[in-house]
Amino acid sequence: MSLADRVLYPDFLSRIVTADEAAAMIPAGAHVGMSGFTGAGYPKAVPQALARHIQQQNAQGKPFKIGLWTGASTAPELDGALAQVDGIEMRLPYQSDPTCRKQINAGQMQYVDIHLSHVAQFVWFGFLGKLDVAVVEVAGVLPDGRLIPSSSVGNNKTWLDQADKIILEVNTWHNPALEGMHDIYYGTDVPPNRRPIQMTEPHQRIGEPYLRCDPSKVIAVVKTHQPDRNSVYAAPDDTSNRIAGHIINFLQQEVKLGRLPANLLPLQSGVGNIANAVLAGLNAGPFENLTAYTEVLQDGMLDMLRSGKLASASATALSLSPAAMQDFNDRIDFYKERIVLRPQEISNHPELIRRMGLIAMNGMIEADIYGNVNSTHIMGSAIMNGIGGSGDFARNAYLSIFMTPSLAKDGAISCIVPMASHVDHTEHDVQILVTEQGLADLRGHSPTQRAEIIIEKCAHPDFRPALRDYLARARKSALGQHTPHLLGEALSWHQKYVETGSMR
């Protein structure tokens, strides 16, 4: 399909340029908002051209960096390409690129880790400074200049509204039948003018299918024809299946106790192999007519939609393996009746999460014996990816579930520790912890009761004796007995790992 078939707004045809020409329009020091959310809907050509331009400028002794804002993580063609030429001064709000991670942890790149629901409003509030340029991938342009979103929405509405200049990447690889799958809500406002968002069910539409754009701000239109680069998910292993089994058994019990309806409540699932294992378990489980209100649609949710277990799903992005993406395109009319993609300020909105009563299931790096969760840092100081949307969901969900294997690094690390080396989700926002060892229901328990439950239910047997010993000694000699800690050794497990390579 030619670009003229996708760009139906006549004035934009004169603004079609190469990726290199578009990249040259981005000045050094600019704040640049780029599309992309968890490997979907990111610009493919302009970031690589910008990386080449930065490399040329640096070679001429002209230092060149930008501030890079996105929806969430992107792909090597964006984050990786710009990081490899040392072209990013400040990155936000979430990343998963190895080169970015290395530079952040070396202090060579500044990084603001922020709740995903906060990004758009922080830009509207002016907290992050002026957005100079938006680079946004779209699937097409309507005759009146409105834009057909591609495989993610993320913060694109805000980027298009707030940026002084706009560069559009029109990606003809995307199925034109994507048109109509999106629901872009334009009813948000800044305090004191906020109004309730009129939405009570995940499948409800409250906006319009298209992104609005001031045509006068569009300085370049670039053609691309490339798929999103998404990874193949590993088949669920025994550990993941055991975690999934604990969660499904727990949900069945909640239904029996009358605390959940027979079709549960809307599901939110984080990204990764464990999350997909849980979805696979739900697909084979007893629950029918489920719904999802989440950030990202993974392979497992497509499986559930096809089987009929999942009636509908709302998200801000697709994050599909190549095989699942092929299935999505082959059956797009089927999926379009059941999937809606929204801006992340809506998919992650605390008001909606609380109103609809989500069951939030997210991964973690470690938890301590009192239920504080670290989802971002290795050994207290090295960032992994970022908090993403887990905090948006954890604090506001009907059920807040965090899950992880009980061990990491071939058994050298216990993921249940005396004190978390970094806290993203306090004990007040964590209701359920799950490992392959078992499930700890922490609701209604005091800190020391929680500690006993977590140690017995979630810790690996190899580390339980040491955790029991720590808790017993803390209960004898800690200054306070509400949340007893031995401050001199609370982080000694982490220090031992740093020094020896093992917590054992």
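You'll find the protein entered in an unreviewed UniProt entry as Acetyl-CoA hydrolase, with Acidovorax temperans given as the organism. The record held by UniProt for the protein lists under Sequence similarities (unreviewed entry) the comment "Belongs to the acetyl-CoA hydrolase/transferase family."

Asks: When you look at the side chain of Glu345 in this model, what are you seeing that I'm missing?
Replies: Its place among the elements puts Glu345 in helix H14 (residues 344-347). For Glu345, the side chain forms a polar contact with the side chain of Lys157, separated by 3.3 Å. Not counting chain neighbours up to four residues away, the residues in contact with Glu345 comprise Ala120, Lys157, Thr158 and Thr188.

Asks: Explain the packing of helix H5 (residues 76-84) against helix H6 (residues 98-105) to me, please; I cannot follow it from the model alone.
Replies: Geometry of a packed helix pair, given as the angle between the helix axes and the separation of the axes. At a minimum axis separation of 8 Å, H5 and H6 run at an interaxial angle of 45°. If you check the angle between H5 and H6, you find them oblique. Residues Asp79, Ala83 and Gln84 of H5 lie in contact with H6, whose contacting residues are Thr99, Cys100 and Gln103. Partitioned by chemical class, the residues of the contact of H5 with H6 number two nonpolar, three polar and one charged.

Asks: Sorry, what's going on with the packing of aromatic side chains here?
Replies: Throughout the structure, instances matching the rule amount to seven aromatic pairs. A connected cluster of aromatic rings, assembled from ring pairs, spans Phe122, Phe125 and Phe127. The residue whose ring lies beneath Lys44 is Tyr42, and the NZ or CZ to ring-centre distance is 4.1 Å. Lying across the ring of Tyr186, Arg212 places its NZ or CZ 4.0 Å from the centre.

Asks: Please explain the domain arrangement of the protein as it appears in this structure.
Replies: When the parts of a complex come together, some accessible area is lost, and that lost area is often taken as the interface size. The assigned domain composition of the protein is domain 1 (3-224) and domain 2 (238-462). Spacing between the C-alpha centres of domain 1 and domain 2 amounts to 28 Å. Counting every contact that joins domain 1 to domain 2 gives two salt bridges. The closest approach of N and O atoms between Lys157 and Glu345, which form a salt bridge, is 3.3 Å. Looking at the side of domain 1 that touches domain 2, the elements with two or more residues in it are H6, helix H7 (116-125) and helix H8 (156-162).

Asks: What exactly am I supposed to notice about helix H18 (residues 464-477) here?
Replies: Think of an α-helix as turning once every 3.6 residues; residues three or four places apart then point the same way. Relative to the 20 Å expected for 14 residues at 1.5 Å per residue, H18 spans 20 Å between its end C-alpha atoms, a close match to the ideal helical length. Buried within H18 we find Arg464, Leu467, Tyr470, Leu471 and Ala474. The buried side chains of H18 occupy one side of the element, clustering within an arc of 125° when seen end-on. Summarising the geometry of H18, the exposed residues directed more than 90 degrees from the buried face are Lys476 and Ser477. In this structure, the buried residues of H18 make contact with strand E23 (416-417), helix H17 (447-457) and helix H19 (492-500).

Asks: Where do I start with the UniProt feature "binding site: CoA" (unreviewed entry) in the protein in this structure?
Replies: When the UniProt feature table is mapped to this numbering, "binding site: CoA" (unreviewed entry) covers Ile365, Asn385, Gly389 and Lys409. The largest pairwise C-alpha distance within this set of annotated residues, which runs over 45 residues, is 25.6 Å, so the set is dispersed in three dimensions. Summarising the element assignment, Asn385 is placed in the loop between strand E19 (382-383) and helix H16 (390-396). Residue classification places Asn385 among the buried positions, given a relative accessible area of 19%.

Asks: Looking at this model, I keep getting lost on the nonpolar core. Mind explaining?
Replies: Nonpolar side chains in soluble globular proteins tend to be buried together. Within the largest apolar cluster, 74 residues are counted, with the highest numbers of intra-cluster contacts made by Leu251, Leu282, Phe328 and Ile359. Per element, the largest residue contribution to this core is six residues, and it comes from helix H9 (residues 238-256). Looking at this core, you find at least three residues from each of domain 1 (3-224) and domain 2 (238-462). The residues touching Leu251, leaving out its near neighbours within four places in the chain, are Leu260, Leu264, Leu282, Phe287, Ile359 and Leu399.

Asks: I'm lost on the sheet that holds strand E16 (residues 366-368) in this one. Help?
Replies: The three strands are arranged E17-E16-E23 in an open sheet whose pairing can be described as mixed. In the strand order of this sheet, the two ends are held by strand E17 (373-374) and E23, each with one partner. Judged from the two bridges that link them, E16 and E23 form a sheet pairing that is parallel. Directly across from Ala367, in E23, lies its bridge partner Ile416.

Asks: Help me out: how do you make sense of the packing of H9 against helix H10 (residues 273-284) in this one?
Replies: Relative orientation of the contacting elements H9 and H10 amounts to 50°, with a least axis distance of 8 Å. Taken together, H9 and H10 sit at an angle that is classed as oblique. When you trace H9 past H10, the crossing you get is right-handed. Mapping the contact onto sequence places Ser240, Asn241, Ile243, Ala244, Ile247, Ile248 and Leu251 in H9 and Asn273, Ile274, Ala277, Val278, Gly281 and Leu282 in H10.

Scoring rules and cut-offs
- Residues numbered from 1 in each chain as written.
- Predicted model: local features only at pLDDT ≥ 70, side-chain atom pairs only at ≥ 80, totals over all residues.
- Heavy atoms only, no water.
- UniProt positions renumbered as here; feature names shortened; annotations may be inferred.
- Helix = DSSP H or I, 4+ residues; strand = E, 2+ residues; numbered from the N terminus.
- Polar contact = N/O pair within 3.5 Å; in protein donor to acceptor, adjacent residues only side chain to side chain.
- Contact = heavy atoms within 4.5 Å.
- Axes fitted to C-alpha atoms, helices over the stretch in contact; angles between N-to-C directions.
- Parallel < 35°, antiparallel > 145°, perpendicular 65-115°, else oblique.
- Nonpolar A, V, L, I, M, F, W, Y, C, P; charged D, E, K, R; others polar.
- Phe/Tyr/Trp six-rings, centres within 6.5 Å; stacked < 30°, edge-to-face > 60°.
- Lys NZ or Arg CZ within 6 Å of the ring centre and 35° of its normal.
- Domains from an automatic or database assignment.
- Salt bridge = Lys/Arg side-chain N within 4 Å of Asp/Glu carboxyl O.
- Expected span 1.5 Å × (residues − 1).
- Buried < 20%, exposed > 50% of the residue type's maximum accessible area, 1.4 Å probe, protein only.
- Arc of directions from axis to C-beta.
- Core = buried A, V, L, I, M, F, W, Y, C linked by side-chain atoms within 4.5 Å.
- Pairing = 2+ DSSP bridges.
- Left-handed = near helix turned anticlockwise from the far one by under 90°.

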